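# Descriptive analysis of the structure
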Amino acid sequence: FAETRLTLAAQSDDFIGYDGGWVNVLHFGLRIDERDFEPNPKTGYLAEYNLDISGKFLGSNYDFVRQTFSVRGFHTFWDRLTLAGRLAMTYASGDVPFFELGKMNFTNGTATAMGGSRTNRGYLEERFLARGYTLAQFDVRYFVGEVVVWGQRFGLQPFAFIDVGNVYDTFGDIFAKPRFGEYRPSYGGGFVVPW
């Protein structure tokens, strides 16, 4: 058999999780939600702090802690043009298996920390793996109109976005060595159909 990146990485002492195993977490979250309409906000903000604890006392094979902080804000001009933004940071400490490194946990579920359809859109999901992540996202949405079909209301919103993010091996580097020149940008657009 030929060597792969996974089998080569597994030979390192600091590579955790090659043999798989159970990951059970206890999740604590604090959420302050001042948005006007959760499915399609036009004004307000959402601030979250989430703490995940994984340990042998929960039946997990790994002992680690992950903390995520996020702030999202929304403001609408002329009742049609909405500016949205999010700043987020996460860091995991302890024996974190590699398959848990690429995640941020929020009160409404887990998201890929960089890449995929929710964060740093345009990059492959879990393209970047590390213990720490910082993320900034900015969206511009324009509300065209809505239509009612079978008693259900659907809207149409074209949007454009810019995401930037970076990875860090230690918590202190996020603040002491932010490496702004190494942030990975992604941008694009599409249509949102709020229901």
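Residues numbered from 1 in each chain as written. Predicted model: local features only at pLDDT ≥ 70, side-chain atom pairs only at ≥ 80, totals over all residues. Heavy atoms only, no water.

### Digging into the overall build of the protein chain
Applicable threshold: Only DSSP runs of H or I covering at least 4 residues are called helices, and only runs of E covering at least 2 are called strands; the numbering of each starts at the N terminus. Only protein chains enter the calculation, and the probe is 1.4 Å; a residue is then buried if its accessible area is under 20% of its type maximum, exposed if over 50%, and partly exposed in between. For this analysis, residues touch if any pair of their heavy atoms sits within 4.5 Å. Here the open area of atoms and residues is found with the Shrake-Rupley method and a 1.4 Å probe, where only the protein chains shown may cover a residue.
Check the secondary structure of the protein chain and you find 2 helices and 10 strands. Ordering the α and β elements of the protein chain from the N terminus gives α-β-β-β-β-β-β-β-β-β-α-β. When the backbone C-alpha atoms are referred to their principal axes, the protein chain occupies close to 55 × 40 × 35 Å. For the protein chain, the residues scored as buried account for 36% of the 195 residues in total. Within the protein chain, contacts between residues at least 6 apart in sequence are counted, and of these 59% link residues at least 24 apart. Summed over all atoms, the accessible surface of the protein chain reaches about 11,700 Å², with 60% contributed by carbon and sulfur.

### Examining the packing of aromatic side chains
For clarity, the cut-off: Classification of ring pairs rests on two measures: the distance between centres of Phe, Tyr or Trp rings, Trp counted by its six-membered ring, which must be within 6.5 Å, and the angle between planes, read as stacked under 30 degrees, edge-to-face over 60 and tilted in between. We count a charge as sitting over a ring when the NZ of a lysine or the CZ of an arginine lies within 6 Å of the ring centre and within 35 degrees of the ring normal.
Summed over all chains, the structure comprises 9 aromatic pairs. Look at Tyr123 and Phe128: their rings are 5.2 Å apart centre to centre, the planes differ by 75°, and that puts the pair in the edge-to-face class. Among the residues examined, Tyr123 registers a relative accessible area of 26% and is labelled partly exposed. Relative to Phe161, the ring of Phe159 has its centre 6.1 Å away and its plane inclined at 25°; by these criteria the two rings are stacked. Grouped by ring-pair contacts, the aromatic residues Tyr62, Phe98 and Phe99 constitute a single cluster. Here Lys42 stacks its cationic end above the ring of Phe143, 4.7 Å away from the centre of that ring. The side chain of Arg127 reaches across the aromatic face of Phe128, ending 5.1 Å from its centre.

### Re the pattern of salt bridges
A side chain of one charge can pair with a side chain of the opposite charge if their charged atoms are brought near each other. The criterion, for reference: Each reported salt bridge corresponds to a side-chain nitrogen of Lys or Arg within 4 Å of a carboxyl oxygen of Asp or Glu.
Scanning the model with the defined rule gives 13 salt bridges in all. Here Glu100 ties to Arg66 by a salt bridge, and the two come within 2.9 Å at their closest N and O atoms. Note that Glu100 is positioned in the loop between strand S4 (81-94) and strand S5 (103-106) and Arg66 in strand S3 (residues 64-77), a separation of 34 residues in sequence. Both residues of the pair, Glu100 and Arg66, count as buried. Taken together, the shared-partner salt bridges connect Arg31, Asp33, Arg35 and Glu38 into one network.

### Thoughts on the pairing of S5
The side chains of a regular strand alternate, first on one face of the sheet and then on the other. As a reminder, the rule being used: Here, strands pair whenever DSSP counts at least two bridges between them.
Relative to strand S6 (residues 109-112), S5 runs antiparallel, the two sharing 4 bridges. If you follow Asn105 over to S6, its bridge partner there is Thr110. Counting the residues between successive antiparallel strands, the hairpin from S5 to S6 contains 2 residues.

### Points about the nonpolar core
Quick reminder of the rule: Only buried Ala, Val, Leu, Ile, Met, Phe, Trp, Tyr and Cys residues count toward a nonpolar core, and they belong to the same one when joined by side-chain atoms within 4.5 Å.
Judged by nonpolar contacts, Ala88, Met104, Phe106, Ala111, Ala113, Met114, Phe128, Ala130, Tyr133, Leu135 and Val167 together constitute the single largest core of 11 residues. Elements represented by at least two residues in this core include exactly S5 and strand S7 (132-142). Not counting chain neighbours up to four residues away, the residues in contact with Ala113 comprise Gly102, Lys103, Met104, Thr119 and Tyr133. Among the nonpolar cores identified, the runner-up in size contains 5 residues, and Phe64, Ala92, Val96 and Leu101 belong to it.

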